[in-house]
Amino acid sequence: MGCRLAPGMRTIPSGARRRLLLALGVTLAAALTSVDSGSVMQRAGGRSGSIAAPTDAPRADPVAHALARVTDDLAYLTDPPATVETTPDPTVASTPTPTPTPEPTPAPTPLPTSRSTPRPTVRTAAPPVVDTSTQAAELRMLGLINGSRTASGLVALTLDANVSATARAHSRVEAQVGYVYHDGPDGTATARDSAACGTGWYGENTGKIWNGNVDALHIEFMSEPWVPIDHRTILMDPQFRRVGVGAVQGSDALYMTMVFCR
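S.K.: What should I look at first to understand the overall build of the chain in this one?
M.R.: Of regular secondary structure, the chain possesses seven helices and six strands. Of the regular secondary structure in the chain, the N- to C-terminal order runs β-α-α-β-α-β-α-α-β-α-α-β-β. The burial tally for the chain puts 28% of its 262 residues in the buried class. Surface accessibility of the chain: about 17800 Å² in total, with carbon and sulfur atoms responsible for 60%.

Laid out in structure tokens, this is it:
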């Protein structure tokens, strides 16, 4: 709390004014009575001679004292002391706590729709064109196979046209992709050859031939060891009775597939 002077306050309430005037009257009457009483005592003392003679010390004038009191009281009436007005300190306005702005809730991200990965589409190739060069290569490979089998006392294989068509279809896809394989873009060897042979037993050899040198591929097959089962083991299997040979010219080589059936 603080305080300050109120400079404009020059009056007092009417009730207080009446009480103050009454007090002034009483004060003035008492002062006059005191003056009169003193005078009587002096006069009486002068007559009886019972009071000590006055001294030279100055005596206070009762009338002047009373008038001074009346003057002070009148000054209070006309010019009262400044009234101190207490005023409350200005209250520092408390800064309101800001209401937190709620963060916007992000819209839920929709889950990506699962899409099944499309299987690679293998175009159904047109039947391979068998020209004199590819047909000659197929017949040359058949002669080399049977020559090796008969030299070892095995039965020569019969050429199966339907199985040869399956072998050519596989060689054509190999020529398109540029490499040889058993399981790949056109499926598995089991799916292709089992159906072609019709007995559930099959064997498949495939390779590349450069510069028309069919003999080089056959020699490579026959140079392999007997174990593990490989090209030579399949070619010399005594259980096989039929074979299909299919050759297709690619951009880099001649692709040849041989499918053996029981």
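S.K.: Looking at this model, I keep getting lost on the environment of Arg242. Mind explaining?
M.R.: Considering the arrangement of structural elements, one finds Arg242 in strand E5 (residues 242-249). What Arg242 contacts, discounting residues up to four positions off in sequence, is Leu157, Thr158, Asp160, Val163, Cys197, Thr199, Val259, Phe260, Cys261 and Arg262. Here Asp160 takes part through its side chain, which lies 2.9 Å from a polar atom of the side chain of Arg242.

S.K.: How should I be thinking about the confidence of the model for the chain in this particular structure?
M.R.: Atomic detail in the predicted coordinates should be set aside for any region of low pLDDT. On average, residues of the chain score 74 in pLDDT, and 50% of them are at 70 or above. Overall, residues 35-58 carries pLDDT values under 50, and its contacts beyond four positions in sequence, including any with other chains, amount to six contacts. Confidence drops under a pLDDT of 50 for residues 120-125, and excluding neighbours within four residues, the segment shows four contacts in the predicted structure.

S.K.: Looking at this structure, how should I read helix H5 (residues 189-197)?
M.R.: Within an α-helix, residues lying three or four positions from one another point in the same direction, as the helix has 3.6 residues per turn. Taken together, the buried positions of H5 are occupied by Ala189, Arg192, Asp193 and Cys197. Taken end-on, H5 shows its buried residues confined to a sector of 110 degrees, consistent with a single buried face. With respect to the buried face of H5, the exposed residues turned more than 90 degrees away are Ala191 and Ala195. Those residues of H5 that are buried are in contact with helix H4 (161-177), strand E4 (202-209), E5 and strand E6 (254-261). Gly198 occupies a position one or two residues after H5 and carries a positive phi of about 80 degrees.

S.K.: Any chance you could explain the sheet that holds E6 here in plain terms?
M.R.: In sheet architecture, strand pairing relies on hydrogen bonds along the backbone and comes in two forms, parallel and antiparallel. The strand order E3-E5-E6-E4 describes an open sheet built from four strands, whose pairing is mixed. Pairing within the sheet leaves two strands with one partner each, and these edge strands are strand E3 (158-159) and E4. Note that E3 and E5 share two bridges and pair parallel. Along E5, the bridge assignment pairs Leu159 with Val243. Packing against the sheet, H4 makes contact with E3, E4, E5 and E6, and its axis sits at approximately 35 degrees to E5.

S.K.: Explain the environment of Gly244 to me, please; I cannot follow it from the model alone.
M.R.: Relative to the assigned elements, Gly244 resides in strand E5. Taking the C-alpha atoms as reference points, Gly244 and Val259, separated by 15 residues in sequence, lie 5.1 Å from one another. The residues touching Gly244, leaving out its near neighbours within four places in the chain, are Leu159, Asp160, Val163, Ser164, Ala167, Thr257, Met258 and Val259.

S.K.: What is the right way to read the nonpolar core from this model?
M.R.: A general feature of soluble globular proteins is that nonpolar side chains tend to end up buried together. Counting residues in each nonpolar core, the largest one holds 21 residues, and the members touching the most others are Met141, Ile145, Met256, Met258 and Phe260. Within the residue set of this core, elements represented by two or more residues are helix H3 (132-151), helix H6 (214-222), helix H7 (231-235), E5 and E6. Top contributing element to this core by residue count: H3, with five residues. Ignoring sequence-local partners within four residues, the contact set of Met258 consists of Met141, Ile145, Gly203, Glu204, Asn205, Thr206, Phe221, Gly244 and Val245. In terms of nonpolar packing, the next biggest core, distinct from the first, is built from five residues, Val163, Ala167, Cys197 and Cys261 among them.

S.K.: Help me out: how do you make sense of the side chain of Arg192 in this one?
M.R.: As for its placement among the helices and strands, Arg192 is situated in helix H5. Overall, the relative accessible area of 12% leaves Arg192 in the buried class. Here Arg192 is in contact with Thr166, His170, His182, Asp186, Gly187 and Glu204, once residues within four sequence places are set aside.

The rules we used
Residues numbered from 1 in each chain as written. Predicted model: local features only at pLDDT ≥ 70, side-chain atom pairs only at ≥ 80, totals over all residues. Heavy atoms only, no water. Helix = DSSP H or I, 4+ residues; strand = E, 2+ residues; numbered from the N terminus. Buried < 20%, exposed > 50% of the residue type's maximum accessible area, 1.4 Å probe, protein only. Areas by Shrake-Rupley, 256 points an atom, 1.4 Å probe, with all protein chains shown as cover. Contact = heavy atoms within 4.5 Å. Polar contact = N/O pair within 3.5 Å; in protein donor to acceptor, adjacent residues only side chain to side chain. pLDDT = per-residue confidence, 0-100. Arc of directions from axis to C-beta. Pairing = 2+ DSSP bridges. Axes fitted to C-alpha atoms, helices over the stretch in contact; angles between N-to-C directions. Core = buried A, V, L, I, M, F, W, Y, C linked by side-chain atoms within 4.5 Å.

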